[in-house]
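Residues per chain, in single letters:
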2 protein chains.
Amino acid sequence: MQVTTTVEETRKLVKNWKKEGKTIGLVPTMGFLHEGHASLIRRCREENDIVVVSDFVNPTQFGPTEDLEAYPRDFKRDSELCESLGADLIFHPEPKEMYHDPHAYVSIDTLSDTLCGKTRPIHFKGVCTVVSKLFNIVAPDRAYFGQKDAQQLAIIRKMVQDLNFDIQIVGCPIIREEDGLAKSSRNTYLSAEERKAALCLSRAVKTGQEAICKGIKAEEVLSKMRAVIEAEPLAKIDYVSMVDALDMQPVESVEKDVLVAMAVYIGKTRLIDNFSYEV
Amino acid sequence: MQVTTTVEETRKLVKNWKKEGKTIGLVPTMGFLHEGHASLIRRCREENDIVVVSDFVNPTQFGPTEDLEAYPRDFKRDSELCESLGADLIFHPEPKEMYHDPHAYVSIDTLSDTLCGKTRPIHFKGVCTVVSKLFNIVAPDRAYFGQKDAQQLAIIRKMVQDLNFDIQIVGCPIIREEDGLAKSSRNTYLSAEERKAALCLSRAVKTGQEAICKGIKAEEVLSKMRAVIEAEPLAKIDYVSMVDALDMQPVESVEKDVLVAMAVYIGKTRLIDNFSYEV
């Protein structure tokens, strides 16, 4: 496995692989890898000749009051995990390698206005921009994203379609701890007590999955889910919403494929979870 | 020479050429080709195995009160010219092939706020988006743009740098009529009387070039240029400005490389011209 820190050396490796006719899969990550990332890397390993993992805490997708500095990092552990999973390359740039006095950006309207986009107004602009940059640097045939960040996945799919990136986007299921908590690098912020409280998210998901069916009012599903979270004293709801699976706009009842998503503060830690329902 | 109208058939051709190890040059145009475009196509022909010309009047770069409908089109003539210049492919899509309910876009701050960006606030967002799309569809090694659209060229260069497009941007000199008028598809809008009046732009360029030198105040150069245009009764200045050649921000005196650019209405037709000065 190789490690690169510059765009130039990454491109050089990729170009050589392409010359040899090899297919390339990309798993974009912010590092501090967990089983969720591992599942993406494994899937990528199965479907491509070359597996590239990017490991970069992208500053432009954090708001000024968010946890950029605190975001957990452990490149040594990441790199051992990637090696053990058979990755060929980790691209691990410094912020200054990715951004020199940047002015151009990629963004998306409508899909980024709801859910996490409401609380994190610049987040998806940062995501679209860095993912476009990684796509242009690595030029993968396929790129792998977790369904855990469901709005991000929907946005990336639409961005790829709208901007004609010649890349297949592969969405992979949420990976959970044994007790149901969705795996997240941010789980590391939780105290023991908060860790227990955080189970209200996956419990709410389960409640929602049991309640949802074609034709039901969104509010019937969502109020049951909210009740589960509100029963937990350490939890504070950012949002619990039902949106159209494609355009991320709120729906009043289940008539088409939907995403039911939530963000909940457990103490100071903001966690997300979701499920999709196909009609 | 082949003609494609869909993204899919264009990609298929390009992929085959790439498999054969051929280099690809792209000349993005809005059609109604003139000698300025021809000079780009010739340069592209010299430097690449394959020459792709895109011929697409991009609706998203026109404001609601601008000349999208009136913009001149003559695909038959364009296609004969491209063939005679040795192009391999014209990509000539319909708007609906390029835009299906679009939400993602590419834009740029700072560089797009001045000069033409002031009068045409959505113009460069449309340009950045369509050029990104064409870059992703054609995946060229090199792309050719005229210095006539100097702000566009500076913006495309910065976009390529910021978003890590692996494409060399080649800027080509302004091509002029014998009497000095910069070639433009919009010259076709001019009446005989306006055609004569339009010479005030190139006269102002000449005046500016004669006046400019390192250390001079911008206002000294610009006021001389404005006087030339104001002497022409059919002309109305949109702007005559001196900006930093890289970030397109106004400068007060010539200390670094600068762009001196103007937009002038001749009757209802808005024409542009410019010159660069390197320190």
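Predicted model, so just to flag it, every value in this text is computed and none were measured. (Residues numbered from 1 in each chain as written. Chains lettered and ligands numbered in written order. Predicted model: local features only at pLDDT ≥ 70, side-chain atom pairs only at ≥ 80, totals over all residues. Heavy atoms only, no water.)

1. Overview of the overall build of chain A
Part 1 of the reasoning: A count of helices and strands for chain A gives 10 helices and 10 strands.
Part 2 of the reasoning: In terms of overall dimensions, chain A is globule-like: its C-alpha atoms have a radius of gyration of 19 Å, near the 19 Å expected for 279 residues.
Part 3 of the reasoning: In terms of overall dimensions, chain A has C-alpha extents of about 55 × 40 × 40 Å along its principal axes.
Part 4 of the reasoning: The 279 residues of chain A split such that 57% are buried.
Part 5 of the reasoning: Excluding contacts between residues fewer than 6 apart, the proportion of contacts in chain A whose partners are at least 24 apart in sequence is 72%.
Part 6 of the reasoning: With an accessible surface of roughly 12,400 Å², chain A has 49% of that area assigned to carbon and sulfur atoms.
Part 7 of the reasoning: Across chain A, 36 positive and 43 negative side-chain charges occur, with their mean positions spaced 1 Å apart. (Helix = DSSP H or I, 4+ residues; strand = E, 2+ residues; numbered from the N terminus. Rg over C-alpha atoms; globule rule 2.2 N^0.38 Å. Buried < 20%, exposed > 50% of the residue type's maximum accessible area, 1.4 Å probe, protein only. Contact = heavy atoms within 4.5 Å. Areas by Shrake-Rupley, 256 points an atom, 1.4 Å probe, with all protein chains shown as cover. Lys, Arg positive; Asp, Glu negative; His and termini not counted. Charge placed at Lys NZ, Arg CZ, Asp CG, Glu CD.)

2. Considering the packing of helix α6 (residues 123–138) of chain B against helix α7 (residues 150–162) of chain B
All names here are of chain B.
Part 1 of the reasoning: At a minimum axis separation of 11 Å, α6 and α7 run at an interaxial angle of 55 degrees. If you check the angle between α6 and α7, you find them oblique. As for how α6 packs across α7, the hand of that crossing is right-handed. On the side of α6, the interface is formed by F124, V127, C128, V131, S132 and F135, while α7 contributes Q151, Q152, I155, I156, M159 and V160. (Axes fitted to C-alpha atoms, helices over the stretch in contact; angles between N-to-C directions. Parallel < 35°, antiparallel > 145°, perpendicular 65-115°, else oblique. Left-handed = near helix turned anticlockwise from the far one by under 90°.)

3. Topic: the environment of I237 of chain B
Residues and elements named next belong to chain B.
Part 1 of the reasoning: One can find I237 in strand β8 (residues 235–244).
Part 2 of the reasoning: C-alpha of I237 to C-alpha of M159: the two residues are 78 residues apart in sequence and 29 Å apart in space.
Part 3 of the reasoning: Among residues more than four places away in sequence, those in contact with I237 are R226, I229, E230, A263 and V264.

4. Topic: the relation of the copies chain A and chain B
Part 1 of the reasoning: Each copy superposes on the other: chain A lies on chain B with an RMSD of 0.0 Å after a rotation of 180 degrees and an axial shift of 0.0 Å. As the rotation angle and translation indicate, the two copies are arranged about a two-fold axis. Considering only C-alpha atoms, the residue of chain A closest to the rotation axis is V106 of chain A, which sits at 2.2 Å.
Part 2 of the reasoning: In this assembly, 100% of the residues forming the interface of chain A have copies in chain B that are likewise at the interface, indicating an isologous arrangement. (Least-squares fit on C-alpha atoms with pLDDT ≥ 70 in both.)

5. Let's talk about the sheet that holds strand β6 (residues 142–146) of chain B
Residue and element names in this part refer to chain B.
Part 1 of the reasoning: Pairing within the open sheet is parallel, and its six strands lie in the order β1-β4-β3-β2-β6-β7. Strands at the two margins of the open sheet, each flanked by one partner only, are β1 (2–4) and β7 (168–172). Between one strand axis and the next, the sheet turns through 25 degrees on average, direction left out of account.
Part 2 of the reasoning: With two bridges connecting them, strand β2 (residues 24–29) and β6 associate as parallel partners. Across the sheet, the residue bridging to L26 is A143, located in β6.
Part 3 of the reasoning: Relative to β2, α6 is tilted by about 150 degrees, and along the sheet it contacts β2, β3 (50–55), β4 (89–91), β6 and β7. (Pairing = 2+ DSSP bridges.)

6. Digging into the UniProt feature "binding site: (R)-pantoate" (unreviewed entry) in chain A
Residues and elements named next belong to chain A.
Part 1 of the reasoning: According to UniProt, the "binding site: (R)-pantoate" (unreviewed entry) feature falls on Q61 and Q152. On the basis of their most widely separated C-alpha atoms, the annotated residues across 92 residues gather in one place, lying no more than 11.5 Å apart.
Part 2 of the reasoning: Position of Q61 relative to the elements: it lies in the loop between β3 (50–55) and α3 (75–84).
Part 3 of the reasoning: Filtering out sequence-adjacent residues up to four positions away, Q61 remains in contact with M30, E66, R120, H123, G126, V127 and V130.
Part 4 of the reasoning: Reaching out from Q61, the side chain makes a polar contact with the side chain of N58 at a distance of 2.9 Å.
Part 5 of the reasoning: Mapped onto the elements, Q152 comes out in helix α7 (residues 150–162).
Part 6 of the reasoning: The residues contacting Q152, other than those within four sequence positions of it, are F124, V127 and F145. (UniProt positions renumbered as here; feature names shortened; annotations may be inferred. Polar contact = N/O pair within 3.5 Å; in protein donor to acceptor, adjacent residues only side chain to side chain.)

7. Side note on the sheet that holds strand β10 (residues 269–277) of chain A
All names here are of chain A.
Part 1 of the reasoning: In spatial order, the strands read β8-β9-β10; together these three strands make up an open sheet with antiparallel pairing. The sheet is open, and its two borders are formed by β8 (235–244) and β10, each paired with just one other strand. With direction set aside, neighbouring strand axes in the sheet form an average angle of 15 degrees.
Part 2 of the reasoning: Taken together, the nine bridges between strand β9 (residues 258–266) and β10 define a ladder with antiparallel strand orientation.

8. Observations concerning the domain arrangement of chain A
All names here are of chain A.
Part 1 of the reasoning: Segmentation of chain A into domains returns domain 1 (2–172) and domain 2 (185–273).
Part 2 of the reasoning: The C-alpha-based centres of domain 1 and domain 2 are spaced at 26 Å.
Part 3 of the reasoning: The interface is formed by 22 residues belonging to domain 1 together with 19 residues belonging to domain 2.
Part 4 of the reasoning: Counting the surface lost from both domain 1 and domain 2, the interface buries some 1,600 Å², and carbon and sulfur atoms represent 61% of this.
Part 5 of the reasoning: If you look at where domain 1 meets domain 2, you find one salt bridge.
Part 6 of the reasoning: Between R186 and D67 there is a salt bridge, and its shortest N-O distance comes to 2.8 Å.
Part 7 of the reasoning: Remark: the boundary between domain 1 and domain 2 carries eight residue pairs in polar contact (both at pLDDT 80 or more). (Domains from an automatic or database assignment. Buried area = accessible area lost by both parts, 1.4 Å probe. Salt bridge = Lys/Arg side-chain N within 4 Å of Asp/Glu carboxyl O.)

9. Focus on the interface of chain A and chain B
Part 1 of the reasoning: Contact residues are listed per partner, giving 27 residues for chain A and 27 residues for chain B.
Part 2 of the reasoning: Taking both sides of the interface into account, the surface hidden between chain A and chain B amounts to around 2,400 Å²; carbon and sulfur atoms contribute 47%.
Part 3 of the reasoning: The interface formed by chain A and chain B includes four salt bridges.
Part 4 of the reasoning: At the boundary of chain A with chain B, the tally comes to 24 residue pairs in polar contact (both at pLDDT 80 or more).
Part 5 of the reasoning: If you list the elements that add at least two residues to the side of chain A that touches chain B, you get α1 (7–19), β5 (104–108), α6 (123–138) and α7 of chain A.
Part 6 of the reasoning: For the side of chain A that touches chain B, the per-class residue count stands at 11 nonpolar, eight polar and eight charged. (Nonpolar A, V, L, I, M, F, W, Y, C, P; charged D, E, K, R; others polar.)

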